[in-house]
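Report on the structure
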Amino acid sequence: MVIQKELEQWFFKITDYAEELLQGLTTLTGWPERVLVMQRNWIGKSLGVEVDFPLAEPKPDLPAIRIFTTRQDTIFGATFMSVAPESPLVERLIEGRSQAAAVREFVVRVSRQDKAVRTDADREKEGIFTGAYAVNPFTKARIPIWVANFVLYEYGTGAIMAVPAHDQRDFDFAKQYGIPIKLVIQNPAGSLAEDHLDDAYEEQETAGRLVNSNRFSGLSVPEAKTKIAAFVEEQRLGRRTVNYRLRDWGLSRQRYWGTPIPMIYCRACGVVPVPERDLPVELPKDVPFTGKGSSPLAQVEGFVQAACPKCHGPARRETDTMDTFVDSSWYFLRYCSPQADRQPVDPAASDYWMAVDQYIGGIEHAVLHLLYARFFTKVIRDLGLTKADEPFLNLLTQGMVTKETYRCATHGWLLPGDLLGSEGEGWRCATCQGVAQKGRVEKMSKSKKNVVDPERLIDTFGADTARLFSLFAAPPEKDLEWSDSGVEGASRFLNRVWRLLGDLAGTLSAERGTLNQREAEPVAPQVLEIRRLTHRTIKKVTDDIERDFQFNTAIAALMEFVNGLYKFAAERHADRPGNPAPGEAAAFGEAAEALVLLLAPFAPHVAEELWEVLGRAPSVAQQPWPPYDPALVASERLTIPIQVNGKLRSKVEVPADSTEEHVLAMAKQDAKISEWLQGKPTRKVIYVEKKLVNFVV
RNA sequence: GCGAGAGUGGCGGAACUGGCAGACGCGCGAGACUUAGGAUCUCGUGGGAAACCGUGGGGGUUCAAGUCCCCCCUCUCGCACCA
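The shown structure was predicted, so the numbers you read here are calculated from the model rather than taken from an experiment.

For the rest of this paragraph, the subject is the overall build of chain A. Per the secondary structure count, chain A includes 22 helices and 29 strands. For a compact globule of 697 residues, the expected C-alpha radius of gyration is about 26 Å, and chain A comes in at 37 Å, more than 25% above that figure. Across its three principal axes, chain A shows a C-alpha extent of roughly 110 × 85 × 65 Å. Buried positions account for 44% of the 697 residues belonging to chain A. Restricting to contacts in chain A with at least 6 residues of sequence separation, those with at least 24 account for 64%. Surface summary for chain A: the accessible area is close to 37900 Å², and the carbon and sulfur share equals 53%. Between the mean site of the 84 positive side-chain charges and the mean site of the 93 negative ones, chain A shows a separation of 3 Å.

Structure follows, in C-alpha cells:
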C-alpha cells in the first residue's frame, strides 16, 4: 500500500533560471529539434495577467482572491471562480459557513486520490461550492467560488477565474453544476449562441470578435489581450505576469546512495549549513537496510548526532541524500580539473576544456539530465568558476536497441533460448511445446525478455562483430533492431577481410615502396583503378564519420571496398598469374593498409591483428588517420545517363574532362538515343556537367 | 487535443545541394567446390510477358521530384486539466 505523506524537503531554485534556460535553447544549434521542443514545453513559459477578484464579503486580511490567466480577453465571461483543494484559501472561504463540513470532506477525499489518477486528463471534473462569492471586477457581477479538483495549487496562484464559454474545462464544470455560461467572443460567422453551445469556443487565431464586453466589444482576441492587460494595470486591478510550468527541483531522497545534504538541525539555531571546513559529509559505511520507514541514514545514530556549528550544542544531521541527478549535473565540469582540491572546478582548466563539443546520450535524458546540467553550468558560471553558458555544444541522442518479442500463452514472455522452431514453421515454447506468438519489436528489456546474451555473443562472434553490427544496422540516432542474421553478416564480413589480407600479405612485402616511384614509369590501368578505389573509400569513410557519425554508410563503403579488392585480386590471378603489373602489388599494399586503418575504429581487435599480419609495427591505434589524394578520388571516365523527355534511355561513357559538345555528340551517336530522337524535332537539351543529359523532343 | 519526427523492395537501411531510386547488409534463387553443408565462392534478385509502372494517398511546380509547394492518411515519440 502506498500512502502519501507530506515531507519537508530541500529544493534547488531552478525557477530563478527559467528564463535563461529558455532563452539559451536558441543558442543550441547543435541539438536535435525535438530535445529543444521538449525542454521548451517543460519550462512552459506563459504570458498573462494576475487579477484580484474582490470578495463579496471581504475580510480585513483577505480582501480579494488573486488569479492568473492568459485569457484576460475573456474576463467578461468569468461566471465563477475555482480554487485548488490544497489551497489555504479554502479554509478561509468556508469558515463559519454551513458548507464547511461538506467542503472539508471533499478536500480530504480529493487529496487522498492517487496522484496518477488525479492528473489523468480524462479525470472527471468535480467540485463543491464554498458558499462564498466574489465580484467580477469587470462586470461587477456576484460570482460563486468553487473548489475544483482540476485546479492546480502549484501553478499560478492556485485559483482561477472560470470562463465556461471559452475554456473547455470550465465549460464541462459549468454544465455539470448548472453554472451560467456567458459568451464574450463571437466567431467570424456569428453562429455561436450562448444557450446552445456544445463546446467551449477556444479559438484564438481566427477572426473572432469580443462581444458583451463593454468598451472592449468588437476587438479581436490579440487586441483585447493587450488592451485589457493595460487596463488591468491602469486600474490597479492586477499586473502583467509571466508564469513557468517549471517547478523547483526537489532533491531530497530517502535513500542511502546519494550525496548527503550538508545541513544540521539545531534546536537553538535552526537549520545550519555544515561549514566548509567540515565538508564533505561522507556516507557512513555501516548502515542497516530495513526497507521501511524513513531514510536509511536516520538509523545510524553515529551519523545523525552532530554538534551545531554555531552554538556547539547537540544537533541532528539531515538524513536525506541528494537526487543522483545532482552528481551527473556537473561531472563534466569536474572532469576538467579532477585534482582541484580547493574548489569544485578550476576556472582556468574549465576555460580550456569547456564546453563539451560532442555529447551523446539517450533521448530519455532530453529533459531532466540535460536541463539540470544546463542549470548547474549556469550556477557554476555565476559563481565565477567557469565561463561556459552552456555545457554541451552538440548533442547526439542515440537510439535504443530493439528486438522482436515472443510470448507463450501459459509461460508469458520467452527468452530467445526458450524458443523452438523457426520463422517459416512457426515458433513454440520450449517448456510446454505450445504456440509462441511473435510480438512487436520493442526496446530490449528484462521484463519482455527480448534480450541477447552478450557473453554468448562475444564467445561466438567476438566483440568486434557485435560492435560492427551495432554500428552498421542503423544510423546512430535511430533505434537499432537487433537481428541475429545481421550479426552473422557482420562476422562474415570480418572473415572476408581476414582472408583477403591473408592472401595478399605474402605478395605485398616484396614490392613495398614502388608506389613512390609511380611518376617515373607508366602506370598500368588496373593499378590506377585499385588506387582510385582506395582513395575514394578513404574519402567516403572520412566524410561519413565527420558528417553526423554516419557509421552505417562508412561501413557499407568498407564492404564495397573489400568486394572491389576481391574482384581485382581475382582478375589478377586470372589474367596474369604470377606476373603482376608494375606497381600492382604496391597498390594492393596501399589498399590493404588503408583498409585496416579505416576498419580500426569499427573493429579494433581484428584491425590490430591485421596490422601485424601486414608486418607493420604495433599498434594500429597509434597510426594517423589515412589521408586521401584528391587527384585519385576523381574518376577518369564518367558514365553519363542520357534521358529523353526525362526518362532514362541510355548511358554513355566519356572522359571526365569532356566538353559539353563532346558529351552531346556521344549521346546523339548512341544507337538507342538516335532511335528515340528520330523524326522528332529536339526542342531543348538539358546538360548538367558530369551528371546527365536530357533531350526534350 | 497540442508539439516533434517518420512513412522507400520480403526485411534493416542508402540516395549530401532537385539530376541513373533501391548503395551496403539480411533473406531468397541458381550454380561451383564438396562425403556433406546451416562453411566458402560466383552470379542473380522492386513489380510486370512487354509497353511500362514504381519512394503512404491525391493534386501541383519543373526538362527532371523520394527530395520543393498544397491537401489528406497512417505510425512512432514527447507533453497533456499548466488557466
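Anyway, onward from the coordinates.
Turning to the domain arrangement of chain A, a few remarks are in order. Taken domain by domain, chain A consists of domain 1 (45-244), domain 2 (252-322), domain 3 (484-633) and domain 4 (637-696). Of note, the centres of domain 1 and domain 2, computed from C-alpha atoms alone, are 45 Å apart.

The next thing to look at is the pairing of strand E20 (residues 401-408). For E20, the tally of buried residues reaches 6 of 8 residues, placing the bulk of the element in the interior. As defined by bridge partners, E20 adjoins strand E24 (residues 435-443) across 6 bridges and the pair is classed as antiparallel. Each residue of the ladder has a partner; that of Glu 404, found in E24, is Val 441. For E20 and strand E21 (residues 412-413), the ladder comprises 2 bridges, and the chain directions are antiparallel. From the neighbouring strand, Arg 407 faces E21, where its bridge partner is Trp 413. Adjacent in sequence and paired antiparallel, E20 and E21 are bridged by 3 residues.

This part is about the sheet that holds strand E13 (residues 263-266). An order of E14-E13-E16-E15 is seen for the 4 strands of this open sheet, with the pairing classed as antiparallel. Of all strands in the sheet, those bounded by a partner on one side alone are strand E14 (270-273) and strand E15 (305-307). Strand-to-strand, the axes of this sheet are offset by a mean angle of 40°, without reference to chain direction.

Once that is clear, we can look at helix H18 (residues 584-599). Spanning 16 residues, H18 covers 22 Å between terminal C-alpha atoms, matching the ideal 22 Å at 1.5 Å per step. Taking burial as the measure, the 16 residues of H18 include 16 buried ones, the bulk of the element.

The next subject is the nonpolar core. It is characteristic of soluble globular proteins that their nonpolar side chains tend to be buried jointly. Counting residues in hydrophobic clusters, the biggest one holds 60 residues, and the most contacted among them are Phe 53, Ile 65 and Ile 145. With 6 residues, helix H7 (residues 221-234) is the single largest residue contributor to this core. Those residues within four positions of Ile 145 in sequence are excluded, and the remaining contacts are Leu 55, Ile 65, Met 81, Val 83, Leu 93, Phe 129, Thr 130, Gly 131, Ala 132, Tyr 133 and Ala 134. Ranked by size, the runner-up nonpolar core spans 50 residues in total, among them Leu 457, Leu 501, Ile 530 and Val 541.

Turning next to the layout of surface pockets. The space that makes up the second largest pocket amounts to roughly 1300 Å³. Every residue lining the second largest pocket is counted, 31 residues in all, and those nearest its centre are Pro 262, Leu 279, Met 322, Trp 330 and Pro 344. Listing elements by their share of the lining of the second largest pocket, those giving two or more residues are strand E1 (11-12), helix H9 (325-328) and helix H12 (368-382). Considering every element that reaches the lining of the second largest pocket, the biggest residue donor is H12, with 4 residues. Tallied by class, residues from the lining of the second largest pocket come to 22 nonpolar, 3 polar and 6 charged.

Moving on, we come to the sheet that holds strand E26 (residues 637-644). As summarised here, the arrangement of the 4 strands in space is E27-E26-E29-E28, forming an open sheet in which the pairing is mixed. Of all the strands in the sheet, just strand E27 (647-655) and strand E28 (684-688) have a single pairing partner and so form its edges. Pairs of neighbouring strands in the sheet enclose a mean axial angle of 20°, with direction left out of account. In this sheet, strand E29 (residues 692-696) lies alongside E28 in antiparallel orientation, the contact comprising 5 bridges. Residue pairing for E29: Ile 686 is matched across the bridge by Asn 694.

Going through the model one piece at a time under the given rule, you end up with 0 disulfides. In this structure Cys 266 is not part of a disulfide, and its nearest cysteine sulfur, from Cys 311, lies 3.6 Å away. For Cys 266, a relative accessible area of 9% puts it in the buried group.

One can find Trp 611 in helix H19 (residues 604-613). The spatial distance from the C-alpha of Trp 611 to the C-alpha of Val 596 is 6.6 Å, given a sequence separation of 15 residues. With sequence-adjacent residues up to four places away left out, Trp 611 is seen in contact with Glu 593, Val 596, Leu 597, Arg 616, Ala 617, Pro 618, Ser 619, Val 620 and Gln 623.

Conventions used here
- Residues numbered from 1 in each chain as written.
- Chains lettered and ligands numbered in written order.
- Predicted model: local features only at pLDDT ≥ 70, side-chain atom pairs only at ≥ 80, totals over all residues.
- Heavy atoms only, no water.
- Helix = DSSP H or I, 4+ residues; strand = E, 2+ residues; numbered from the N terminus.
- Rg over C-alpha atoms; globule rule 2.2 N^0.38 Å.
- Buried < 20%, exposed > 50% of the residue type's maximum accessible area, 1.4 Å probe, protein only.
- Contact = heavy atoms within 4.5 Å.
- Areas by Shrake-Rupley, 256 points an atom, 1.4 Å probe, with all protein chains shown as cover.
- Lys, Arg positive; Asp, Glu negative; His and termini not counted.
- Charge placed at Lys NZ, Arg CZ, Asp CG, Glu CD.
- Domains from an automatic or database assignment.
- Pairing = 2+ DSSP bridges.
- Axes fitted to C-alpha atoms, helices over the stretch in contact; angles between N-to-C directions.
- Expected span 1.5 Å × (residues − 1).
- Core = buried A, V, L, I, M, F, W, Y, C linked by side-chain atoms within 4.5 Å.
- 1 Å grid on protein atoms, 1.4 Å probe; cavity = no way out; pocket = protein on both sides within 12 Å on 5 of 7 lines; lining within 4 Å.
- Points joined across faces, edges and corners; volume = space filled by probe spheres on them.
- Nonpolar A, V, L, I, M, F, W, Y, C, P; charged D, E, K, R; others polar.
- Disulfide = S-S within 2.5 Å.

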